[in-house]
Structure formats: structure tokens, C-alpha cells
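Letter by letter, the chains look like this.
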Amino acid sequence: MRRVITYGTFDLLHYGHINLLKRAKQQGDYLIVALSTDEFNWNSKQKKSYFTYEVRKEMLEAIRYVDMVIPEENWEQKKTDVEKYDIDVFVMGNDWEGKFDFLKDQCEVVYLPRTPEISTTKIKEDLNDKPV
Ligand code: C2G
């Protein structure tokens, strides 16, 4: 069984995220999503997610491509995660191109093209601009 892992905040879940998860799953047979905790988002990514970790986890677990959701609590856990979960393929969107090549001695590293035109930031901006 080829085991795949990917990481992210997945807040205000949108079709760009789903498209990434779908293609990540196509890289193997079992997809683990390491979901950024609220603390990690705030302390290390300067992001305040709209939905809590628990809600974001529940939404991801409802997606057919996702087999397991684990917490992402820090930047450093990837090497141990790949080991601990016996990962064959590490997948990220290509906005992270090259950033995780240090994992190549442990597993395949795949950067997938981002889905253009959609982002949580864009959703928030568009909603703010919309006339009520
Ligand atoms: N993504 C995408 N297309 C978009 C938006 C996002 O393919 N239009 C991908 C990103 O490239 C990423 C995943 O969806 O692979 C999750 O995106 P975010 O939740 O924004 O993740 P990020 O904040 O980049 O956190 O340790 C890694 C970090 O946790 C990644």
C-alpha cells in the first residue's frame, strides 16, 4: 500500500483544496492529511483560521480522498511523520516548490500545481467587497 501525506490549514475549505487532495490521493492508496492546529496557525503561520481545528478536521474526514487526519503542531515534525506513518509520497502544492526536498532521502516528494484563481484570502476579500 502506497501511503501519501500532505500538510495544510484547509480553512474555508474550497475546490482548490479538494483538487489538491484528489490529486494527492492519486499518488497512492492511502492519504494522511496533517492539519495545522489553531496554535500552530497562530504562533507559526500568523494565520487565524475561521474554523477551529476540530471543525476543519471533521470537514476533511468527510472527503472521500482523505483516509486519516493528524495534527500538524510544528514545522519540524515532517521527517518523523514520514518515518512514523511509513510514508511513500509527500505531496504539497507548488507554492511550496523545493521547500521540502530535504525529505527526498526518506520518500518521494511531489509538488502539484496549485488551482489558480481560488484562495481563502480571495474568498475573504471578495466577501468584503460584495455589496450587501
Ligand atoms: N492549494 C492549492 N490550490 C489552491 C489553494 C491551496 O493547490 N488554490 C494547496 C496548497 O498548495 C497546499 C494545500 O492546498 O498544498 C493546503 O493549502 P493551505 O491550507 O493554504 O496550506 P498552507 O497554509 O500552505 O500550509 O507545513 C506545510 C503547511 O502546513 C502548509
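This text goes with the structure placed above it.
Before going into details, it helps to say that this report is about the structure given with it. Bear in mind the structure is a predicted one, so any value in this text is a computation, not a measurement.

**Some points on the overall build of the chain**
Broken down by element type, the chain carries five helices and five strands. Order of helices (α) and strands (β) in the chain, N terminus to C terminus: β-α-β-α-α-β-α-β-β-α. Compactness check: the chain gives a C-alpha radius of gyration of 15 Å against a globular reference of 14 Å for 132 residues, within 12% of the reference. With respect to the principal axes defined by its C-alpha atoms, the chain has extents near 50 × 30 × 30 Å. For the chain, the proportion of its 132 residues judged to be buried stands at 46%. Of the contacts formed within the chain by residues at least 6 apart in sequence, a portion of 64% connects residues at least 24 apart. For the chain, the exposed area adds up to about 7700 Å²; of that, 52% sits on carbon and sulfur atoms. Considering the chain, the positive charge centre built from 20 side chains and the negative charge centre built from 24 side chains are found 3 Å apart.

**A look at helix α3 (residues 53-61)**
Within the sequence span of α3, burial applies to Tyr53, Arg56 and Leu60. Along the axis of α3, the buried positions cluster into a sector of 70°, meaning they face one direction only. Of the exposed residues in α3, those oriented more than 90 degrees away from the buried face are Glu54 and Glu58. Where α3 is buried, its residues touch α1 (15-25), β2 (30-36), α2 (38-44) and β3 (68-72).

**Notes on the site of the ligand**
Among the 21 residues in the neighbourhood of the ligand, the closest are listed as Lys47, Glu72, Asp95, Thr115 and Ile118. Lys45 is positioned with one of its side-chain polar atoms (N or O) 3.0 Å from an oxygen atom of the ligand. Between the ligand and Glu72, the relevant distance is 2.5 Å, taken from an oxygen atom to a side-chain nitrogen or oxygen of the residue. Listed by contribution, the elements that provide at least two residues to the shell around the ligand are β1 (3-8), α1 and β4 (89-93). Residue contributions to the shell around the ligand peak at three residues, all from α1. Considering only residue class, the shell around the ligand consists of seven nonpolar, eight polar and six charged.

What counts and what doesn't
Residues numbered from 1 in each chain as written. Predicted model: local features only at pLDDT ≥ 70, side-chain atom pairs only at ≥ 80, totals over all residues. Heavy atoms only, no water. Helix = DSSP H or I, 4+ residues; strand = E, 2+ residues; numbered from the N terminus. Rg over C-alpha atoms; globule rule 2.2 N^0.38 Å. Buried < 20%, exposed > 50% of the residue type's maximum accessible area, 1.4 Å probe, protein only. Contact = heavy atoms within 4.5 Å. Areas by Shrake-Rupley, 256 points an atom, 1.4 Å probe, with all protein chains shown as cover. Lys, Arg positive; Asp, Glu negative; His and termini not counted. Charge placed at Lys NZ, Arg CZ, Asp CG, Glu CD. Arc of directions from axis to C-beta. Near = heavy atom within 4 Å. Polar contact = N/O pair within 3.5 Å; in protein donor to acceptor, adjacent residues only side chain to side chain. Nonpolar A, V, L, I, M, F, W, Y, C, P; charged D, E, K, R; others polar.

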